[in-house]
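Here is what each chain is made of, one letter per residue.
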Amino acid sequence: MRCALVSRTLDLRGYLGAEIGRFADRIEIVDHRSDGKDADVRLAVAWHPPDDAFERYPNLQAVCSIGAGVDNIIACPSLRPGIEVVRVVDPAQAQMMSGFVAWHVIGHQRRFATYLGQQRDRIWQRLSQRHAQDVPVAILGYGEIGQRVAADLSQLGFPVLVWSRTAKPAPPPIRGFHGPSGLAAMLDETEVLVNLLPLTQETEGILNRELFNRMRRGGYLVQVGRGEHLVDEDLLAALESGQLDGAALDVFATEPLAPAHPFWRHPKIVVTPHDASDVRIEAVAATLVAAADAIGAGQRPPYAIDRNRGY
Ligand code: NAP
Ligand code: GLV
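What comes next is a walk through the structure. Each chain carries its own residue numbering, running from 1 in the written order of its sequence. Written order determines the labels here, with chains lettered from A and ligands numbered from 1. A pLDDT threshold of at least 70 governs which residues receive local features in this predicted model, and a stricter bar of 80 or more applies before side-chain atom pairs are shown or counted, although totals over entire chains, interfaces and linings include all residues. Heavy atoms from the whole structure form the basis of all side-chain values; hydrogens and water molecules are not counted.

Under the DSSP-based scheme used, a helix requires at least four consecutive residues in state H or I and a strand at least two consecutive residues in state E, with every element numbered from the N terminus. Check the secondary structure of the chain and you find nine helices and twelve strands. As defined in this context, the radius of gyration uses C-alpha atoms, and a globule is described by 2.2 Å times the residue total to the power 0.38. The C-alpha atoms of the chain give a radius of gyration of 21 Å, which matches the 19 Å a tight globule of 311 residues would have. Structurally, the chain occupies a C-alpha span of about 65 × 40 × 35 Å along its principal axes. The long-range share in the chain, meaning contacts at least 24 apart out of those at least 6 apart in sequence, stands at 62%. Under the convention used here, a 1.4 Å probe and the Shrake-Rupley method define accessible areas, while residue burial counts only the protein chains that appear. Here the chain displays about 15600 Å² of accessible surface, and carbon together with sulfur accounts for 50% of that area. The positive charge centre, built from 32 side chains, and the negative charge centre, built from 37, are 4 Å apart in the chain. When checking whether two residues touch, look at their non-hydrogen atoms; a contact exists if any pair is within 4.5 Å. When charges are counted, Lys and Arg are positive and Asp and Glu negative, with His and the chain ends excluded. Just so you know, the charge point we use is NZ for Lys, CZ for Arg, CG for Asp and CD for Glu.

Once that is clear, we can look at the pattern of salt bridges. Criterion for a salt bridge: a side-chain nitrogen of Lys or Arg within 4 Å of a carboxyl oxygen of Asp or Glu. Counted under the stated rule, the structure contains 15 salt bridges. Residues Glu 28 and Arg 2 are paired through a salt bridge, measuring 3.2 Å at the closest nitrogen-oxygen approach. Residue Glu 28 is found in strand E2 (residues 28–31), and its partner Arg 2 is found in strand E1 (residues 2–7); the two are separated by 26 residues along the sequence. Assessed through its relative accessible area of 39%, Glu 28 is described here as partly exposed. Accessibility expressed as a relative area gives 23% for Arg 2, which makes it partly exposed. In this structure, Asp 245 engages Lys 268 in a salt bridge whose closest nitrogen and oxygen atoms are separated by 3.7 Å. Remark: exposure states derive from per-residue accessible area (1.4 Å probe, protein chains only) relative to the maximum for the residue type, with buried under 20%, exposed over 50%, and partly exposed in between.

In the neighbourhood of ligand 1, 30 residues make up the surrounding shell, with Arg 87, Glu 144, Arg 165, Thr 166 and Tyr 311 lying closest. Arg 87 is positioned with one of its side-chain polar atoms (N or O) 2.7 Å from an oxygen atom of ligand 1. Any N or O atom pair separated by 3.5 Å or less is treated as a polar contact, with the protein-specific requirement of one donor-capable and one acceptor-capable atom, and with residues adjacent in sequence counted only for side-chain atom pairs. Taking Arg 165, its main chain carries an N or O atom lying 2.9 Å from a nitrogen atom of ligand 1. For the shell around ligand 1, the secondary structure elements donating two or more residues are helix H3 (91–109), helix H5 (144–155) and strand E7 (160–164). Domain borders in the structure are assigned automatically or taken from a domain database. Mapped onto the domain boundaries, the shell around ligand 1 takes at least three residues apiece from domain 1 (2–90 + 279–296) and domain 2 (91–271). By convention in these notes, a residue is near a molecule or strand provided one of its non-hydrogen atoms lies within 4 Å of it.

A few words on the sheet that holds strand E5 (residues 84–86). On the basis of which strands lie adjacent, the open sheet formed by five strands has the order E2-E1-E3-E4-E5 and parallel pairing. One side of each edge strand has no neighbouring strand; the edge strands of this open sheet are E2 and E5. Adjacent strand axes in the sheet meet at a mean angle of 25°, parallel and antiparallel pairs treated alike. Strand pairing is assigned whenever DSSP detects at least two bridges linking the two strands. Sheet analysis places strand E4 (residues 62–64) next to E5, joined by three bridges and oriented parallel. Fitting a line to C-alpha atoms yields each axis, with helices limited to the stretch in contact; the angle taken between N-to-C directions then spans 0 to 180 degrees.

Let us look at the site of ligand 2. In the neighbourhood of ligand 2, the contacting residues comprise Gly 67, Ala 68, Gly 69, Gln 93, Arg 226 and His 274. At 2.9 Å, a side-chain N or O of Gln 93 approaches an oxygen atom of ligand 2. Here an oxygen atom of ligand 2 and a side-chain polar atom of Arg 226 are 2.7 Å apart. If ligand 2 stood free it would expose 190 Å²; the protein chains cover 87% of that surface. In the scheme used here, Gly and all other residues not listed as nonpolar or charged are polar, with Ala, Val, Leu, Ile, Met, Phe, Trp, Tyr, Cys and Pro taken as nonpolar and Asp, Glu, Lys and Arg as charged. The class makeup of the residues in the shell around ligand 2 is one nonpolar, four polar and one charged.

Here we come to the pairing of strand E9 (residues 192–195). Burial along E9 is two-sided: Val 192 and Val 194 and Leu 193 and Asn 195, pointing in opposite directions, are all buried. Of the pairings in the sheet, the one linking strand E6 (residues 137–140) to E9 comprises four bridges and is parallel in character. Opposite Ala 138, over in E9, you have Leu 193 as the bridge partner. Of the pairings in the sheet, the one linking E9 to strand E10 (residues 219–223) comprises four bridges and is parallel in character.

This is a description of form; function is not addressed.
Here it is, written out as structure tokens:
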């Protein structure tokens, strides 16, 4: 099956490397070109595709992401209705994300930022210790990655609250909430908020002033979803007023983050370059092969998302 690599931000062939060649007997990889039509392409791998990219492929049946998120593919104007969009599910990515989130949650609990400041000034001073059980952590999104993060934080002793769109059972002591009223109830108890939502019309701008104001004063934000979830000025205002004590930001509405953006030099913000957790290349390749096999058999590819829902 012929599969096109489509991205305006990444060299996908270089990114996927030798792994993609292992299936050369089943998948013929071609680089995207901007001219003419290619009626033989039925599958694509995409990451931030050019707006008109999919016009070139009249018989395209499925587009695979190279990550958990598919928002940048769904946003492509030339993605016709009926083309399946496939995400990657990789337990190793969830594990990697869990470590990243734990780093920031514990950093807030144990006041690492204050200790770093004290070290710079050669100050030997112990701070009062806070136990994990006194720092409630809420996770927006209880999907493939949120579930792993919740389980690990709970294991570390933090009271963990999770929020999803639909009601989902959570193993005690993790407590589940859903829907708008569930969000409000959960935030009333939240000190650290971890965003692990997909970007959809419903979730865009969800990290805003109203939400921050419902959290415990002196709270902390770990933002690892998508940049468009956050209203930047509302975060800056919440940090200024002390409603939030700090934020770890891994994703931004414009990436790379512009050199002049105030987040870079803010003393209470930690910036990382969208590096919280990638899927393994092996997982991308396995997803692609499974999609090719399914399409060949006239079936829906595994991990095809619900296009109406947007994730
Ligand atoms: P997932 O398995 O699709 O889970 C999404 C979760 O969000 C589900 O629990 C879903 O609720 C919930 N949700 C969606 N819309 C909602 C809404 N309107 N209200 C409340 N809950 C809502 O996704 P995942 O694999 O865990 O990944 C989540 C996101 O993390 C990705 O889409 C991506 O944006 C981000 N991510 C970032 C990085 C990074 O490096 N920074 C890495 C990986 C992923 P239901 O359970 O009811 O469906
Ligand atoms: C990373 O951001 C992903 O969606 O996997």
